[in-house]
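# Examining the three-dimensional arrangement
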Amino acid sequence: MAEPIRVVVTGAAGQIAYSLLYMVARGEVFGKEQPIILHLLDIPPMVGVLEGVVMELADCALPLLVEVVPTTDPAVGFKDVSAAFLVGAMPRKEGMERKDLLSANVKIFRTQGQALDKFAKKDVKVLVVGNPANTNALVCSSYAPSIPRENFSAMTRLDQNRATSQIAAKLGVPISAVNNIIIWGNHSSTQYPDAGQGKVTVNGSSKSVVEAVNDTAYLQGAFVETVQKRGAAVIAARKMSSAMSAAKAACDHMHDWWNGTAPGKFASMGVFSDGSYGSPKDVIFSFPVEIKNKQWKIVEGLTLSDFAKTKLSVTGKELQEEKDEALSVLDS
Ligand code: NAX
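Conventions and cut-offs
Residues numbered from 1 in each chain as written. Predicted model: local features only at pLDDT ≥ 70, side-chain atom pairs only at ≥ 80, totals over all residues. Heavy atoms only, no water. Buried < 20%, exposed > 50% of the residue type's maximum accessible area, 1.4 Å probe, protein only. Helix = DSSP H or I, 4+ residues; strand = E, 2+ residues; numbered from the N terminus. Pairing = 2+ DSSP bridges. Near = heavy atom within 4 Å. Polar contact = N/O pair within 3.5 Å; in protein donor to acceptor, adjacent residues only side chain to side chain. Areas by Shrake-Rupley, 256 points an atom, 1.4 Å probe, with all protein chains shown as cover. Core = buried A, V, L, I, M, F, W, Y, C linked by side-chain atoms within 4.5 Å. Contact = heavy atoms within 4.5 Å. Salt bridge = Lys/Arg side-chain N within 4 Å of Asp/Glu carboxyl O.

## What about the pairing of strand β13 (residues 284-292)?
- Where burial is concerned, most of β13 is hidden: 7 out of the 9 residues are buried.
- With 6 bridges connecting them, strand β12 (residues 267-272) and β13 associate as antiparallel partners. Across the sheet, the residue bridging to V271 is F285, located in β13.
- Bridging between β13 and strand β14 (residues 295-298) involves 4 bridges; their strand directions are antiparallel. Looking across to β14, one finds that E290 is bridged to K297.
- Turn length for the β13-β14 hairpin, with the two strands adjacent in sequence and antiparallel, is 2 residues, and the turn residue N293 shows positive phi of about 50 degrees.

In structure tokens, the structure reads:
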């Protein structure tokens, strides 16, 4: 058996973590041969709940789970970790303006960036799930200068999974038949779910999703809106936000980062923008990426429609505004 690796999950007493911890400890991200030491970080009022989670993890009797370290101290939580799932964040409360939410979270992710910088392994892979995920990842990275900025990412995989599932249902094919649906931009309602590069493979023969669906009004209308508003639809139905699907998406994201993507298959990840496809530089923008040897690379050379270019510009503008707001909070 390999040496155990340390993996931290923040917001460990919350609802996404409740599903995520189990999946990670079962070996679904780092492999069935990789023992894990799980660090569970939350805030002091949640200590009691955290104890319950620790009991349940013990009761799962998972062979790969070597040790569990519950803590409220970032110095302990981030010590020597190889992978970090940053799920914990300040939720939007009634009457709270978007700016107040951003301001509270910018401060949390500054502290966590500083702790990662000081205590984590220098090759740690950081996935930010807590919202506003893209800007939180940007802030976190800027306070961890000793860790390469390529090691910070934000989650748009849930949006990708939602979009892929919508296309599979529309075509009446299994989910595994649909690939390369892309999420561009921000994990917010301005994101652009793009089926334009998608492929559907049935009985070994592959064609474009655009050709298979053959309904531009749907692909530019109901499809985009359904994915953009799916989170709100889940809240309306469940009275709680997406948790099981968010945990599964976090696992998919980290799994692909750790193990690589299959040849020709894209994953969508919020990563530092180099200005590709006309996006603003130096924001965390969701792109299609291919991954090899734990390094992601933006897929270049895709041809975008004018419709797509307009959508990318809207979501890019929002990310630039979020970045400017975050900087003004940090300066004040
Ligand atoms: P919960 O409210 O159930 O859990 C959040 C946990 O984070 C709580 O236990 C809280 O005490 C903890 N926490 C707060 N501040 C912390 C800090 N400074 N350090 C450590 N822990 C801290 O929320 P949950 O449903 O688990 O959602 C977590 C986050 O994921 C939210 O910000 C949510 O908006 C975001 N989401 C992001 C998604 C994405 O696709 N990127 C999708 C799902 C989800 O909405």
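## Describing the site of the ligand
- The local shell around the ligand holds 23 residues, among which Q15, I16, D42, V129 and N131 are the closest.
- The separation between a nitrogen atom of the ligand and a polar main-chain atom of V129 is 3.2 Å.
- Compared with its free state, where it exposes 880 Å², the ligand has 82% of that area covered by protein.
- Counting residues per element, the ones that place at least two in the shell around the ligand are α1 (15-25) and α4 (98-119).

## What about the nonpolar core?
- V24, F30, L38, F85 and F223 are the most contacted members of the largest nonpolar core, which totals 75 residues.
- Looking at which element gives the most residues to this core, the answer is helix α11 (residues 244-259), with 8 residues.
- Other than its neighbours up to four places away in sequence, F30 contacts I5, V7, V24, I36, A83, F85, M254 and W258.
- The next biggest cluster of nonpolar side chains, apart from the first, holds 29 residues, and it includes V81, A84, V106 and L138.

## As for the pattern of salt bridges
- Counted by the stated rule, this structure contains 6 salt bridges.
- K317 serves as the salt-bridge partner of E321, at 3.4 Å between the closest nitrogen and oxygen. With E321 and K317 both in helix α12 (residues 306-331), this residue pair falls 4 residues apart, about one helical turn.
- What makes K317 exposed here is its relative accessible area of 55%.

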